[in-house]
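Structural overview for review
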Amino acid sequence: EATLFDLMQSANIMTNVEKGWKSLLRVSSINNLLFLHSAYPTTGSEAVFFGPDTYRFANAIHHFLITNNQPINRAVDIGAGSGVGAVLLAQALPESEIIAGDINNAALNLARINIAAADIHNIKLLHSDLFNDINGKFDLIIANPPYLVDAAKRTYRHGGGQLGTKLSLDIVDAAIQRLNLSGALLLYTGVAIVHGHDAFLAEVEVKLKRAGFTFHYHEIDPDIFGEELLSAAYNKADRIAAVVLTARKQPR
């Protein structure tokens, strides 16, 4: 059985410590599993982020799985990054088909190593911009998309739109079309609260009710990335909150 170290060597991504090179990668753990990701600071356009959001996302997945009472035969992690979400699903659902999609080739390369290190065999990796190259419908869609306004528009960080919510809204729109009946969307994201108003929630509520979904939405951390409030993009925002949206498609 290959170790993570063996897989790193075979992928030729180990740095030469003896020559004083600095590693571009770090290893972090969740549920006794190891995940390669970009080292801090994550400044590159194809950086593969792993941080507090990753652990919040993992906790949201765990809570969903222990409370879910619907069959999950096919699931997808959109914007899979280092593969944490897909691996946790595959570990809990070994008989299910799990797809991990990302537009970032560096993320897919690391996810491939992380999946092999976890000895997971029911994940299919796909290069895809959201659902563009992913076919079919699903019983579960999970996503932890970028949600900040990033001047450099780095893939792992920039959510698009005025306040970084475009990708999250696009995922909601796609889920409405791509979920089977009784299928669920689990979305972890961040939203800017402006003058006490959550515009993301207001828009999502209209979309989901119109499509016949039931949903639950809650803040799991009311104030994250406080330093972003100093930037021009957030000059009217009170705070940025971490939220979890769980939505389920109901029969008409």
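So, how was this worked out
- Residues numbered from 1 in each chain as written.
- Predicted model: local features only at pLDDT ≥ 70, side-chain atom pairs only at ≥ 80, totals over all residues.
- Heavy atoms only, no water.
- Pairing = 2+ DSSP bridges.
- Helix = DSSP H or I, 4+ residues; strand = E, 2+ residues; numbered from the N terminus.
- Axes fitted to C-alpha atoms, helices over the stretch in contact; angles between N-to-C directions.
- Core = buried A, V, L, I, M, F, W, Y, C linked by side-chain atoms within 4.5 Å.
- Buried < 20%, exposed > 50% of the residue type's maximum accessible area, 1.4 Å probe, protein only.
- Contact = heavy atoms within 4.5 Å.
- 1 Å grid on protein atoms, 1.4 Å probe; cavity = no way out; pocket = protein on both sides within 12 Å on 5 of 7 lines; lining within 4 Å.
- Points joined across faces, edges and corners; volume = space filled by probe spheres on them.
- Nonpolar A, V, L, I, M, F, W, Y, C, P; charged D, E, K, R; others polar.

Focus: the sheet that holds strand E5 (residues 123–127)
- The strand order across the open sheet built from 7 strands is E5-E4-E3-E6-E7-E9-E8, with neighbouring strands paired in mixed fashion. This sheet does not close on itself; its edge strands, each paired only once, are E5 and strand E8 (213–221). Ignoring strand direction, the axes of neighbouring strands in this sheet form an average angle of 20°.
- Across 4 bridges, the pairing between strand E3 (residues 74–78) and strand E6 (residues 138–143) is parallel. Residue pairing in the sheet places Ala 75 in a bridge with Leu 140 of E6.

With respect to the nonpolar core
- In terms of nonpolar packing, the biggest core is built from 42 residues, with Leu 89, Ile 123 and Leu 140 touching the most fellow members.
- Not counting residues within four places of it along the chain, the set of residues in contact with Leu 89 comprises Ile 61, Leu 65, Ala 75, Ile 98, Leu 140 and Ile 142.
- Listed in part, the 30 residues of the second largest apolar core include Ile 99, Ile 141, Leu 185 and Ala 211.

Quick notes on the layout of surface pockets
- Considering only enclosed or pocket space, the largest pocket measures out at about 930 Å³ in volume.
- Phe 49, Asn 144, Pro 146, Tyr 156 and Arg 157 are the residues nearest the centre of the largest pocket, which is lined by 46 residues in total.
- At the level of elements, strand E1 (25–30), strand E2 (33–38), helix H2 (52–67), E3, helix H3 (84–92) and helix H5 (166–178) are the ones that each hand at least two residues to the lining of the largest pocket.
- Examining the composition of the lining of the largest pocket, we find that 4 residues originate from one element, H2, more than from any other.
- For the lining of the largest pocket, the class distribution of residues is 23 nonpolar, 15 polar and 8 charged.

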